[in-house]
Amino acid sequence: MSALPLLFTAGWASGVNAYLVVLLLGLLGRFGLAEAVPEALQRSDVLIAATALFLIEVVADKVPYLDSFWDAVHTVIRPIAGGVVAALLAGQDDSLPELAAAAVGGTAALVSHLVKAGTRIAVNTSPEPASNIVVSTAEDIGVAGIITLAVFNPVAAAVVATVLLVIGLVLVSLFASRIRRALRRRRARRTARHVVAAK
């Protein structure tokens, strides 16, 4: 079970920014800074694809409403990525079956993704775009820091990821009414567009 903290942390981080997780783990393994990184994440084609997708996400994640659309698309992608990364890491360690590792990583990724998506909907109710940029940049820095910490001290990283996840869940519950109002307004606009298009 020694890999569990790393698997949980990688899953949590994948729910926030899966491409950055793959890119950082791959680079840390490629440059010999992390022995636990599987060869599959260090391959050149994987690193190139992760870099390209991360750069797209850097832009998309900082534009109001586009970030929520991006999150909606990634509701499936991020948990799958978290599960795959966890399974690959478990395959290197052999302390946990790969299927169980995928479940841990995928579940952590799904929960952190839902927290991220919910907080972004709440942030988008703010009239200025600066808050999106600040939140997105903080997420990117947080993922980079936690993944780097996880490679060298997985238990400490898992504790930090758990605390951040709990804080995120509390924030989503505090902003629940704002999130519901934003979703209702979005549905009303979509319905109005369909009615106009049907005329």
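In what follows, the structure referred to is the one given above.
Visitor: Where do I start with the nonpolar core in this structure?
Guide: One recurring pattern in soluble globular proteins: nonpolar side chains tend to sit buried together. In this structure, Leu-7 and Leu-25 are the most contacted members of the largest nonpolar core, which totals 37 residues. Mapped onto this core, the elements with two or more residues apiece are helix H1 (4-30), helix H3 (44-60), helix H4 (66-93), helix H5 (98-123), helix H6 (130-152) and helix H7 (154-174). Counting residues per element, this core draws most heavily on H1, which supplies 14 residues. Excluding anything up to four places from it in sequence, Leu-7 contacts Ala-86, Leu-89, Ala-90, Leu-96, Ala-101, Val-104 and Gly-105.

Visitor: Mind showing me how you'd approach the packing of H6 against H7 here?
Guide: Relative orientation and spacing of two packed helices are given, respectively, by the angle between their axes and the distance between those axes. Across the interface, H6 lies against H7 with an axial gap of 6 Å and an inter-helix angle of 145°. Of the residues in H7, those in contact with Ile-146, Leu-149, Ala-150 and Phe-152 of H6 are Pro-154, Ala-156, Ala-157, Val-160, Ala-161 and Leu-164.

Visitor: What exactly am I supposed to notice about H3 here?
Guide: Given 3.6 residues per turn, any residue in an α-helix points the same way as the ones three and four places further on. When the terminal C-alpha atoms of H3 are compared, their 24 Å separation across 17 residues agrees well with the 24 Å that a helix rising 1.5 Å per residue should span. Buried within H3 we find Leu-47, Ala-50, Phe-54, Glu-57 and Ala-60. Buried positions in H3, seen along its axis, are confined to an arc of 150° and lie on one side of it. Within H3, the exposed residues directed more than 90 degrees away from the buried face are Ile-48, Leu-55 and Val-59. Summarising the contacts, the buried residues of H3 are in contact with H1, helix H2 (39-42), H4 and H5.

Visitor: Sorry if this is basic, but what is going on with the environment of Pro-5 here?
Guide: Counting through the fold element by element, Pro-5 comes out in helix H1. Judged by relative accessible area, Pro-5 falls into the buried class, the value being 19%. Expressed as a C-alpha distance, the spacing of Pro-5 and Asn-153, which sit 148 residues apart in the sequence, is 9.1 Å. Filtering out sequence-adjacent residues up to four positions away, Pro-5 remains in contact with Pro-154, Val-155 and Ala-158.

Visitor: I would appreciate a short explanation of the pattern of salt bridges in the present structure.
Guide: Under the definition given, this model contains 9 salt bridges. The shortest N-O distance in the salt bridge between Arg-120 and Asp-61 comes to 3.0 Å. A residue pair is termed long-range when its members are at least 10 positions apart, and Arg-120 in helix H5 and Asp-61 in the loop between H3 and H4 qualify at 59 residues. One salt-bridge network, held together by shared partners, links Asp-61, Asp-67, Lys-116, Arg-120 and Glu-139.

Visitor: What exactly am I supposed to notice about the packing of H1 against H7 here?
Guide: Running from N to C, H1 and H7 cross one another at 40°; their axes reach a closest spacing of 8 Å. Considering the angle they form, H1 stands oblique to H7. Regarding H1 and H7, the two cross each other, and that crossing is left-handed. From H1, Pro-5, Leu-6, Phe-8, Thr-9 and Trp-12 reach across to H7, where they touch Pro-154, Val-155, Ala-157, Ala-158, Ala-161, Thr-162, Leu-164 and Leu-165. Split by residue class, the contact of H1 with H7 holds 11 nonpolar, 2 polar and no charged.

Visitor: When you look at H4 in this model, what are you seeing that I'm missing?
Guide: Under the 1.5 Å per step criterion, the end-to-end length of H4 is 38 Å for 28 residues, consistent within 8% with the ideal 40 Å. Where H4 bends most, the angle comes to about 55°, and this point is His-74. Taken from the residues just after H4, Asp-94 is the one with a positive phi, measuring 65°.

Calculation notes
- Residues numbered from 1 in each chain as written.
- Predicted model: local features only at pLDDT ≥ 70, side-chain atom pairs only at ≥ 80, totals over all residues.
- Heavy atoms only, no water.
- Core = buried A, V, L, I, M, F, W, Y, C linked by side-chain atoms within 4.5 Å.
- Buried < 20%, exposed > 50% of the residue type's maximum accessible area, 1.4 Å probe, protein only.
- Helix = DSSP H or I, 4+ residues; strand = E, 2+ residues; numbered from the N terminus.
- Contact = heavy atoms within 4.5 Å.
- Axes fitted to C-alpha atoms, helices over the stretch in contact; angles between N-to-C directions.
- Expected span 1.5 Å × (residues − 1).
- Arc of directions from axis to C-beta.
- Salt bridge = Lys/Arg side-chain N within 4 Å of Asp/Glu carboxyl O.
- Parallel < 35°, antiparallel > 145°, perpendicular 65-115°, else oblique.
- Left-handed = near helix turned anticlockwise from the far one by under 90°.
- Nonpolar A, V, L, I, M, F, W, Y, C, P; charged D, E, K, R; others polar.
- Bend = angle between axes of the 7 residues up to and from the residue.

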